Amino acid sequence: MTLPAGWTARRPTLDDVPAILKVVHAADTFAVGYPDFDADDVRTALTAPFVDMARDSWLVTEPDGTAVGWTILSNPTGVGREFIEVYVDPDRGGVLRAPLLDRLLDRIAERAAERRLPALTVRTAVFAPETRWAAELVEAGFTRVKRYVRMTRSLTDLPAEPAPPAGVTIRSLRPDDEADLREFHRIFDTAFRDTPDYEPLGFEAWREQLPSYGKVWDEWFVAEVDGEPAGALQSSDQALDRDMGWVRTLSVLPAYRRRGVGAALLRRAFAVYAAKGRVGAGLGVDLANPTVPVTLYRSVGLREVRWTDMYERTVAATEV
């Protein structure tokens, strides 16, 4: 890794969280217009399952000790694709992304060998203003594979929640009920099986991840049709700092699609968000997902506000 004279690359520790957060906030403000991470998010990334901060992360500092770049690998399931983040302060560390990317790709090659795989697929995200980053990724052998769209709506003008379609009922998840949690996971897992990039996650592993999404249990919902489980909506607290409710996943079983179940779940979530005084609601849409048309989201008042492109490449394992 070639750095400017006097700059240092080292492995971070949890004591570096405040310095890392400043870098992330600078990067986020450039990319999306506002800070989109908090200190807990940084700690979670550094201590996540299948992440070793002493091997899978770098912190770059200027001669005076100011942090200007941070990288992290992630793989929530420990199988399938790897994901990389390369954050730099755009005013002070813009030259860092390419060399940091090279180091991360070397680490991906090592991880492939450790998992006894011939190669691993790696992905990373690019936001609209990050034209230099997109060009550096292409130069490094990445190709764009899909686009995500962020959609939001105001809740200040939210109409009264209409009655759901005949036979459809919406209720809150019962988080203390093991059977209800398992049913929620079954709906989610079954509904996403026919999406191109879904990587199945067993119930126990899924449950271990739940604390990272927050514990707004009264914002998780189950839909039933004539008494049978049909859909589920999982909220996240990721946008609370902007006073917004956030839909992390919307799942409708194949047999119940196009019957108003998804719209009913969204309208219930919006009503609960609004009752808590939230000013807006939002979600992300994978445009490659054939099961959730953007028209559904538009029908409940959501509108596109930003896109994110996903870039991917395959990295061969390090020869042992």
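Here the residue numbers are simple positions, counted from 1 along each chain's written sequence. Per-residue local features of the predicted model are confined to residues with pLDDT of at least 70, and side-chain atom pairs are confined, for both listing and counting, to 80 or more; whole-chain, interface and lining totals are unaffected and use all residues. By convention in this description, side-chain values take in all heavy atoms of the structure and omit both hydrogens and water.

By the naming in an unreviewed UniProt entry, the protein chain goes by Ribosomal protein S18 acetylase RimI and is assigned to Micromonospora eburnea.

Would you explain the overall build of the protein chain in this entry?
Secondary structure counts use DSSP, requiring at least four H or I residues in a row for a helix and at least two E residues in a row for a strand, with both numbered from the N terminus. Scanning the protein chain for helices and strands turns up eight helices and twelve strands. Against the 2.2 N^0.38 benchmark of 20 Å for 320 residues, the protein chain shows a C-alpha radius of gyration of 21 Å, consistent with a compact globule. If you line up the protein chain on its principal axes, its C-alpha atoms span 70 × 45 × 35 Å. Counting over 320 residues, the protein chain shows a buried share of 48%. Contact between two residues is taken to exist if any of their heavy atoms lie within 4.5 Å; hydrogens are not considered. Taking the intrachain contacts of the protein chain between residues at least 6 apart in sequence as the baseline, contacts between residues at least 24 apart amount to 71%. As presented, the protein chain carries roughly 14,800 Å² of accessible surface, and 53% of it is formed by carbon and sulfur atoms. The positive charge centre, built from 40 side chains, and the negative charge centre, built from 48, are 3 Å apart in the protein chain. Our radius of gyration looks at C-alpha atoms and nothing else; its globule reference is 2.2 Å times the residue count to the power 0.38. With a 1.4 Å probe rolled over the protein chains alone, any residue whose accessible area is under 20% of its type maximum counts as buried; one over 50% counts as exposed, and the rest are partly exposed. Accessible areas in this description were obtained via Shrake-Rupley with a 1.4 Å probe; residue shielding takes into account the shown protein chains only. For the purpose of charge, His is not counted, nor are the chain termini; Lys and Arg are scored as positive and Asp and Glu as negative. One atom stands in for each charge, and that atom is NZ of Lys, CZ of Arg, CG of Asp or CD of Glu.

Honestly, the domain arrangement of the protein chain in this entry has me stumped. Any pointers?
One frequently used descriptor of interface size is the decrease in accessible area upon assembly of the parts. By convention here, the domain bounds are inherited from an automatic or database domain assignment. By the assigned domains, the protein chain splits into domain 1 (8-141) and domain 2 (151-306). Using only C-alpha atoms to locate each centre, domain 1 and domain 2 end up separated by 29 Å. Counting residues at the interface gives twelve residues for domain 1 and eight residues for domain 2. In total, about 890 Å² of surface goes out of reach between domain 1 and domain 2, with carbon and sulfur atoms giving 37% of it. Take the accessible area each of two parts loses on contact, using a 1.4 Å probe, and add the two losses: that sum is the buried area. It is Y34, T77 and R81 that lose the most area in domain 1 upon contact with domain 2, and together they represent 45% of the buried surface on that side. Each salt bridge in this description consists of a side-chain nitrogen of Lys or Arg and a carboxyl oxygen of Asp or Glu lying within 4 Å of one another. Linking domain 1 with domain 2 are one salt bridge. We note a salt bridge from D36 to R242, for which the minimum N-O separation is 3.3 Å. What qualifies as a polar contact is a pair of N or O atoms within 3.5 Å, subject to a donor-acceptor requirement within protein and to the restriction that residues adjacent in sequence count only when both atoms come from side chains. At the junction of domain 1 with domain 2, the criterion picks out four residue pairs in polar contact (both at pLDDT 80 or more). Partitioning the side of domain 1 that touches domain 2 into residue classes produces six nonpolar, three polar and three charged. Side-chain classes follow a simple rule in which Ala, Val, Leu, Ile, Met, Phe, Trp, Tyr, Cys and Pro form the nonpolar group, Asp, Glu, Lys and Arg form the charged group, and the remainder, Gly included, forms the polar group.

Which parts of the structure should I look at to understand the UniProt feature "domain: N-acetyltransferase" (unreviewed entry) in the protein chain?
Following the UniProt record, the feature "domain: N-acetyltransferase" (unreviewed entry) maps to residues 7-156 and 168-320 here. Between the first and last C-alpha atoms of residues 7-156 the distance is 48 Å; the span itself is 34% helix and 29% strand. UniProt positions are given in the numbering used here, feature names are shortened, and annotations may be inferred rather than shown by experiment.

In this structure, what is going on with helix 2 (residues 39-46)? I would like to understand it.
Owing to its 3.6 residues per turn, the α-helix aligns residues three or four sequence positions apart on the same side. Taken together, the buried positions of helix 2 are V42, A45 and L46. Down the axis of helix 2, the smallest arc covering the buried residues is 95°, so these residues share one side. Structurally, helix 2 contributes buried residues whose contacts are with helix 1 (17-32), strand 2 (57-61) and strand 3 (67-74). For helix 2, the capping residue at the N-terminal end is D38, with a side-chain oxygen 3.1 Å from the backbone nitrogen of D40. Here the arc refers to the directions that run from the helix axis out to each C-beta atom.

Hey, could you run me through the packing of helix 3 (residues 97-114) against helix 4 (residues 131-139) in this one?
Packed helices, taken two at a time, are described by the angle their axes make and the gap between the axes. Fitted lines through C-alpha atoms give the axes, limited to the stretch in contact for helices. The angle between two N-to-C directions lies from 0 to 180 degrees. Closest axis-to-axis distance for the helix 3/helix 4 pair is 10 Å, and the angle between their directions is 40°. By the angle between their axes, helix 3 is oblique relative to helix 4. The chirality of how helix 3 crosses helix 4 is right-handed. Across the interface between the two elements, R97, A98 and L101 from helix 3 touch W133, E136 and L137 from helix 4. For the contact of helix 3 with helix 4, the per-class residue count stands at four nonpolar, no polar and two charged. In these notes the angle categories are as follows: under 35 degrees is roughly parallel, over 145 is roughly antiparallel, 65 to 115 is roughly perpendicular, and the rest is oblique. By definition, turning the near helix anticlockwise from the far helix through less than a right angle yields a left-handed crossing, and turning it clockwise yields a right-handed one.

Sorry if this is basic, but what is going on with the nonpolar core here?
Grouped burial of nonpolar side chains is what soluble globular proteins tend to show. Ranked by internal contacts, the top residues of the largest apolar core, which has 48 residues, are W206, L233 and L266. Here this core takes nine residues from helix 7 (residues 261-275), the largest share from any one element. Only buried residues count toward a nonpolar core. Its members are Ala, Val, Leu, Ile, Met, Phe, Trp, Tyr and Cys residues joined through side-chain atoms within 4.5 Å.

Help me understand the environment of P162, please; the structure alone is not making it clear to me.
Along the chain, the position of P162 falls in the loop between strand 6 (143-154) and strand 7 (168-172). By relative accessible area, P162 is classed as partly exposed at 43%. Separated by 69 residues in sequence, P162 and G231 have C-alpha atoms that sit 18 Å apart.

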